[in-house]
Amino acid sequence: MSKLSKLFMVLSVLSFAVPAFAQGEVASTGVNWVAIAAGFSMAFASGICALAQGKATAAAAESLARNPAARPGIQLALILGLALIESLALYTLVIIFAKVK
Amino acid sequence: MPDQIHTEPDAAQAATAEHFYSGALGRIGGVMGVLAPLLVAAAWWKFGPRPAIGFAFGCAIAYLNFYWLKRVIAGFADRATGAATSQSGQGIVFRFLLRYVLMALGAYVIFTVSPASLNGLLAGLFLPVAAIGCEAVYELYAALARGV
């Protein structure tokens, strides 16, 4: 898990570094680095949110199987958790729309 | 004997707390229903009709999304606990994925018909977050003021 975290950190740093260094070349090469970075950002956000949702759902399934009597609390926490995790991907989408258009 | 004296109020308090927290999802749905018209009216007054219509679409999609999420999780919990359920596994997965298709379709329609409404649509999708925030504040108030 720590290797995966390091990999995501390195990739996220790289994805932010590329458009920052390429700002001066937009006019000369015509490459829209902002759009490329936006695509990478959305991909990272979607992927990490999917991982988080999968982890939350797996933990809830395990908890429900261990203790079915605790279903109301687990169900509430899972619904709120999934809704908030989805909203994180939406935040990224909103930022992308604000920056790209 | 002293143990019984302390245990009975604790059990009653726990039952009250359980009853209070079990109504959280219903309260969140109610807050969404109250917040949406208020915020649509505010958006209409502040930004004009097009963003307000987009915001109303976003609120409707977010409400439907939250409702389907609740149903999907209920079906999932039925499956995990082995309880009898009327929802099939395929139906649960289909509804879970259909939520994303619905959001993308709504955004595409708004974007092609009226790009000016897109910001409103995106803002409307955050209605559940606002409702959950209101519920968190209410639960904090209940915990501090009423000791629930």
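Residues numbered from 1 in each chain as written. Chains lettered and ligands numbered in written order. Predicted model: local features only at pLDDT ≥ 70, side-chain atom pairs only at ≥ 80, totals over all residues. Heavy atoms only, no water.

A. Spatial organisation of the layout of surface pockets. In this structure, the largest pocket encloses a volume near 480 Å³. Lining of the largest pocket is provided by 19 residues; of these, Met42, Leu90 and Leu93 of chain A together with Tyr100 and Met103 of chain B occupy positions nearest its centre. Counting residues per element, the ones that place at least two in the lining of the largest pocket are helix H3 (33–66) and helix H4 (71–100) of chain A together with helix H4 (89–113) and helix H5 (118–124) of chain B. The leading source of residues in the lining of the largest pocket is H4 of chain B, at six residues. Considered class by class, the residues forming the lining of the largest pocket number 16 nonpolar, two polar and one charged. (1 Å grid on protein atoms, 1.4 Å probe; cavity = no way out; pocket = protein on both sides within 12 Å on 5 of 7 lines; lining within 4 Å. Points joined across faces, edges and corners; volume = space filled by probe spheres on them. Helix = DSSP H or I, 4+ residues; strand = E, 2+ residues; numbered from the N terminus. Nonpolar A, V, L, I, M, F, W, Y, C, P; charged D, E, K, R; others polar.)

B. Spatial organisation of the packing of helix H2 (residues 24–47) of chain B against helix H3 (residues 49–81) of chain B. All names here are of chain B. Across the interface, H2 lies against H3 with an axial gap of 8 Å and an inter-helix angle of 170°. Regarding the angle of H2 to H3, the classification is roughly antiparallel. Taking contact as the criterion, the partners of Leu25, Ile28, Gly29, Met32, Ala36, Leu39, Val40, Ala43, Trp44 and Phe47 in H2 are, on H3, Pro49, Pro51, Ala52, Ile53, Phe55, Ala56, Cys59, Ala62, Tyr63, Phe66 and Lys70. Split by residue class, the contact of H2 with H3 holds 19 nonpolar, one polar and one charged. (Axes fitted to C-alpha atoms, helices over the stretch in contact; angles between N-to-C directions. Parallel < 35°, antiparallel > 145°, perpendicular 65-115°, else oblique. Contact = heavy atoms within 4.5 Å.)

C. Just the side chain of arginine 99 of chain B, in detail. Note that arginine 99 of chain B resides in helix H4. Not counting residues within four places of it along the chain, the set of residues in contact with arginine 99 of chain B comprises Glu86 of chain A together with Asn65, Trp68 and Leu69 of chain B.

D. View of the environment of glycine 47 of chain A. Checked against the element boundaries, glycine 47 of chain A lands in helix H3. Between the C-alpha atoms of glycine 47 of chain A and alanine 89 of chain A, which are 42 residues apart in sequence, the distance is 9.2 Å.

E. Inspection of a nonpolar patch on the surface at higher detail. Taken together, the side chains of Leu105, Tyr108, Val109 and Val113 of chain B present a nonpolar region at the surface, about 430 Å² in accessible area. Here tyrosine 108 of chain B is to be found in helix H4. (Patch = residues over 30% accessible without salt bridge, like charges linked within 9 Å, V, L, I, M, F, W, Y side chains within 5 Å. Areas by Shrake-Rupley, 256 points an atom, 1.4 Å probe, with all protein chains shown as cover. Salt bridge = Lys/Arg side-chain N within 4 Å of Asp/Glu carboxyl O.)

F. Seen up close, the environment of glutamine 53 of chain A. Secondary-structure assignment places glutamine 53 of chain A in helix H3. Look at glutamine 53 of chain A and you get buried, because its relative accessible area is 10%. Placed 25 residues apart in sequence, glutamine 53 of chain A and leucine 78 of chain A show a C-alpha to C-alpha distance of 9.2 Å. Among all residues touching glutamine 53 of chain A, those that are not within four sequence positions of it are Leu82, Ile85 and Glu86 of chain A together with Phe96 and Tyr100 of chain B. (Buried < 20%, exposed > 50% of the residue type's maximum accessible area, 1.4 Å probe, protein only.)

G. Quick peek at the packing of aromatic side chains. All told, the structure shown has five aromatic pairs over all chains when counted by the stated rule. Between tyrosine 91 of chain A and phenylalanine 126 of chain B, the aromatic rings sit 4.8 Å apart at their centres with planes inclined by 15°, giving stacked as the arrangement. Pair noted here: tyrosine 91 of chain A is in helix H4 and phenylalanine 126 of chain B is in the loop between H5 and helix H6 (127–146), and the two residues belong to different chains. Here a set of aromatic residues connected by ring pairs shows up, and it is made of Phe20, Tyr21, Tyr138 and Tyr141 of chain B. It is arginine 99 of chain B that lies over the ring of phenylalanine 96 of chain B; its NZ or CZ is 4.4 Å from the centre. A cation over a ring is seen here: arginine 99 of chain B above tyrosine 100 of chain B, with NZ or CZ 5.0 Å from the ring centre. (Phe/Tyr/Trp six-rings, centres within 6.5 Å; stacked < 30°, edge-to-face > 60°. Lys NZ or Arg CZ within 6 Å of the ring centre and 35° of its normal.)

H. Molecular detail of empty space enclosed by the protein. One pass over the full model with this rule turns up one cavity of 30 Å³ or more. Size it by volume and the largest cavity reaches roughly 130 Å³. Considering the residues around the largest cavity, the lining is formed by 13 residues, among which Ala83 and Glu86 of chain A together with Asn65, Leu125 and Pro128 of chain B are closest to the centre. Put simply, the parts of the chain that give the lining of the largest cavity at least two residues each are H4 of chain A together with H3 and H6 of chain B. Of the residues in the lining of the largest cavity, the class split is ten nonpolar, two polar and one charged.

I. The arrangement of the nonpolar core in detail. The biggest cluster of nonpolar side chains holds 26 residues, and the ones touching the most others in it are Ile79 of chain A together with Ile28, Met32, Phe66, Leu69, Ile73 and Leu127 of chain B. Those residues in contact with leucine 127 of chain B that sit more than four places away from it in its chain are Met32, Leu35, Ala36, Leu39, Cys59 and Ala62 of chain B. Counting residues in each nonpolar core, the second largest holds nine residues, with Leu90 of chain A together with Ile61, Ile110 and Leu121 of chain B among its members. (Core = buried A, V, L, I, M, F, W, Y, C linked by side-chain atoms within 4.5 Å.)

J. Here's a closer look at the pattern of salt bridges. Following the criterion strictly, the structure yields five salt bridges over all chains and no others. Between aspartate 78 of chain B and arginine 71 of chain A there is a salt bridge whose closest N-O contact spans 2.6 Å. Taken as a pair, aspartate 78 of chain B in helix H3 and arginine 71 of chain A in helix H4 lie in two separate chains rather than in one. Put simply, Arg27, Glu135 and Glu139 of chain B are held in one network by salt bridges that share partners.

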